[in-house]
Amino acid sequence: MIPYEFLIGLRYTRSRKGAAREAFVSVISMFSMAGIALGVAALIVVLSVMNGFQKELRTRILSVASHIEIRAYPELGDWASAEKIAKQNPRVIAAAPYILGQAMLSYDGVSRGSLLRGVDPASEALVADVGDHMKAGRFDALTPGSFGIVLGLEQARALNVGMGDDLVVIIPQGLATPAGTMPRLRSFKVVGVFDIGMYEFDSGLAFVNIEDAQRLYRMSGVSGVRLKVDDLLRAPTIGREIADELPFSLEVRDWTRSHANFFRAVQIEKRMMFLILMLIVFVAAFNIISAQVMVVTEKQADIAILRTLGASPSSILGIFIFQGALVGVIGTLIGVVGGIALALNVDVVVPAIERLFNVQFLDKSVYYISDLPSDLQSGDVTVVATTALFFALAATVYPAWKAARVNPAAALRYE
């Protein structure tokens, strides 16, 4: 009960023994199939890696940054009222005040610029996960009046400090003295070291207790209030709702605005990689066209006989569309299976290649993370497979149309 068009199309995909021309066409079809499989697999793996990179970047940024911030300049005096208004939104699950300022950290003749964030460890633990990334010490060791400091791992290495060492924190606000304006400085003891895994934070952010920061910067209020919401993807909408309830003098910023450049760059790279790698599938589709044209030229006598036996032009069209589509379908299936398998095992394959060739694909100081992540999404697989099948089917249209227009009398004239 299988339509004869399918059976003939399937027969034409295989070459006869001793038929050199048919064997050559079959080889071209195999290369076309391999090209489609390679392109589909590469697209699935690359898109999965880009998704994983975006997810990992978001996770690591939000382990230090906040979903939403309420800020004021130069400082937020009545921060408790702003926090109370924000918590009235049912989607806000935690809030924590903070102080943010610039500082120079100095130890044993080595100095490094840094952002100094004053926090309440108990409240900060509700909106960020820095305490889960401690390499040494404890985050809750930042007690009021102890003048302790928690450094990033890269920053601690650059300063060559360890647990219990005393370093000098210098801030740009100066003191007026008879000798001129002198910067304010204070000695802090290292009570912890964290490692987020992002060079930006690990090398340029330090934490102190919020009361110690108020004394250092001579502030009576805070820089702002950090909020955590139940759905970070809805943070822009929640931020607008909160901003409508607060005085217009306060600024409300969500994480998509504070770190927009990171995620926009990843999204642009994902689109460009999709377009570039889709060229592999496009070239393979051109190979299908060339192979199909050669098959049509070789099978003109067969086409003429089929026409004289009563086959309609639409049946001839179906034979060659099925033959070309079969190459595309098999190549796409192989590519999808191989791409999914590789995307799910990137964390195993890439380290093995790095060890084998003694290379490092990702430098933490350049790419923010050192491990190659992967996040396979069914939507990407569907789009890639559908696009590949479309190219393969489109490539069969012209050769099949050419076959359907073969004149039986002209094709059999010299047979």
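In this text the structure is predicted, and so the values were computed from the model without any measurement. (Residues numbered from 1 in each chain as written. Predicted model: local features only at pLDDT ≥ 70, side-chain atom pairs only at ≥ 80, totals over all residues. Heavy atoms only, no water.)

### Re the environment of A41
Which entries qualify depends on this criterion: By definition, any uninterrupted DSSP run of H or I lasting at least four residues is a helix, any uninterrupted run of E lasting at least two residues is a strand, and each is numbered from the N terminus. Here the term buried applies to any residue with accessible area under 20% of the maximum for its type, exposed to any over 50%, and partly exposed to those in between, with areas from a 1.4 Å probe on protein chains only. Residues count as neighbours in contact if any of their non-hydrogen atoms are within 4.5 Å of one another.
Its place among the elements puts A41 in helix 2 (residues 20–62). A relative accessible area of 19% means that A41 is categorised as buried. Distance from A41 to L333, taken between C-alpha atoms, is 9.5 Å for residues 292 residues apart in sequence. Non-local contacts of A41, meaning those with residues more than four positions away in its chain, are made with G335, G338 and G339.

### Focus: the packing of helix 11 (residues 300–308) against helix 12 (residues 313–344)
This is how the line gets drawn: Structural elements are reduced to axes, namely lines fitted to C-alpha atoms, with helices fitted over the stretch in contact, and the angle between N-to-C directions of any two is expressed from 0 to 180 degrees. Any angle between 65 and 115 degrees counts as roughly perpendicular, while under 35 counts as roughly parallel, over 145 as roughly antiparallel, and the rest as oblique. Rotating anticlockwise by less than a right angle from the far helix to the near helix defines a left-handed crossing, while the corresponding clockwise rotation defines a right-handed one. Gly falls in the polar group here, along with every residue not listed as nonpolar (Ala, Val, Leu, Ile, Met, Phe, Trp, Tyr, Cys, Pro) or charged (Asp, Glu, Lys, Arg).
At a closest axis distance of 10 Å, the pairing of helix 11 and helix 12 adopts a crossing angle of 140 degrees. With respect to their mutual orientation, helix 11 and helix 12 come out oblique. Relative to helix 12, the crossing made by helix 11 is right-handed. Contact residues: I303, L306 and R307 in helix 11; P313, I316, I319 and F320 in helix 12. Residue composition of the contact of helix 11 with helix 12, grouped by class: six nonpolar, no polar and one charged.

### Some points on the layout of surface pockets
Our working rule: Cavities and pockets were defined on a 1 Å grid built over protein atoms only: a cavity is a set of grid points that admits a 1.4 Å probe from which the probe cannot escape, a pocket is an open set flanked by protein on both sides within 12 Å along at least five of seven lines, and lining residues are those with an atom within 4 Å of any such point. Grid points are joined across faces, edges and corners, and a volume is the space filled by probe spheres set on the points.
Taken as a whole, the second largest pocket spans an internal volume of roughly 310 Å³. Broken down by secondary-structure element, the contributors of at least two residues to the lining of the second largest pocket are strand 1 (68–76), strand 3 (110–119) and helix 6 (199–204). The element best represented in the lining of the second largest pocket is helix 6, accounting for three residues. Looking at the lining of the second largest pocket, its residues break down into five nonpolar, four polar and five charged.

### Section: the nonpolar core
Keep this limit in mind: Each nonpolar core is a collection of buried residues, namely Ala, Val, Leu, Ile, Met, Phe, Trp, Tyr and Cys, held together in the definition by side-chain atoms within 4.5 Å.
With 91 residues, the main nonpolar core has I70, I149, L151, L167, V169 and F207 as its most contacted residues. No other element matches the twelve residues that helix 2 contributes to this core. In this view, F207 contacts V64, R117, V119, E124, V130, F139, L142, G148, I149, V150 and F194; residues no more than four positions away in its chain are not counted. Among the nonpolar cores identified, the runner-up in size contains twelve residues, and L306, I316, A400 and V406 belong to it.

### So, the side chain of R184
Heads up, the rule is: In summary, the charge assignment counts Lys and Arg as positive and Asp and Glu as negative, without counting His or the chain termini. Any Lys or Arg side-chain nitrogen found within 4 Å of a carboxyl oxygen on Asp or Glu counts as a salt bridge. The definition of a polar contact used here is a pair of N or O atoms within 3.5 Å, where within protein one atom must be able to donate a hydrogen and the other to accept one, and adjacent residues in sequence count solely through side-chain atom pairs.
Among the secondary structure elements, R184 is positioned in strand 7 (residues 180–194). The buried charged residue R184 lacks any salt bridge, with E75 as its nearest oppositely charged partner at 10.0 Å. Side-chain polar atoms of R184 contact the backbone oxygen of L216, separated by 2.9 Å.

### Focus on the pattern of salt bridges
Counted under the stated rule, the structure contains seven salt bridges. E124 is the salt-bridge partner of R117, the closest N and O atoms lying 3.9 Å from each other. With a relative accessible area of 1%, E124 lands in the buried category. Two residues, R157 and E154, come together in a salt bridge whose shortest N-O distance is 3.6 Å. Within this pair, R157 and its partner E154 are both found in helix 5 (residues 153–159), separated by three residues, close to a single helical turn. The class of R157 is exposed, set by a relative accessible area of 55%. You can call E154 buried: its relative accessible area is 17%. Ionic contacts of the salt-bridge type, sharing partners, join the residues R117, E124 and R226 into one network.

### Thoughts on the environment of Y217
Topologically, Y217 is positioned in helix 7 (residues 210–217). Residues Y217 and L100, spaced 117 residues apart in sequence, show a C-alpha to C-alpha distance of 9.6 Å. Setting aside residues up to four positions removed in sequence, Y217 forms contacts with I99, G101, Q102, A103, L116, I171, Q173 and R184. Among the polar contacts made by the side chain of Y217, one reaches the main-chain carbonyl oxygen of G101 at a distance of 3.5 Å.

### Considerations on the packing of aromatic side chains
In plain terms, the rule: Here a pair means two rings of Phe, Tyr or Trp (six-membered ring of Trp) with centres within 6.5 Å. Their orientation is stacked below 30 degrees between planes, edge-to-face above 60, and tilted elsewhere.
Applying the stated criterion across every chain, the model contains six aromatic pairs. For the ring pair F139 and F207, a centre distance of 5.3 Å and an interplane angle of 80 degrees mean the geometry is edge-to-face. A residue pair is termed long-range when its members are at least 10 positions apart, and F139 in the loop between strand 4 (134–137) and strand 5 (148–152) and F207 in strand 8 (residues 205–209) qualify at 68 residues. Neither F139 nor F207 differs from the other in exposure class; each is buried. Judged by centre distance (5.4 Å) and plane angle (70 degrees), the ring pair of F282 and F391 falls under edge-to-face.

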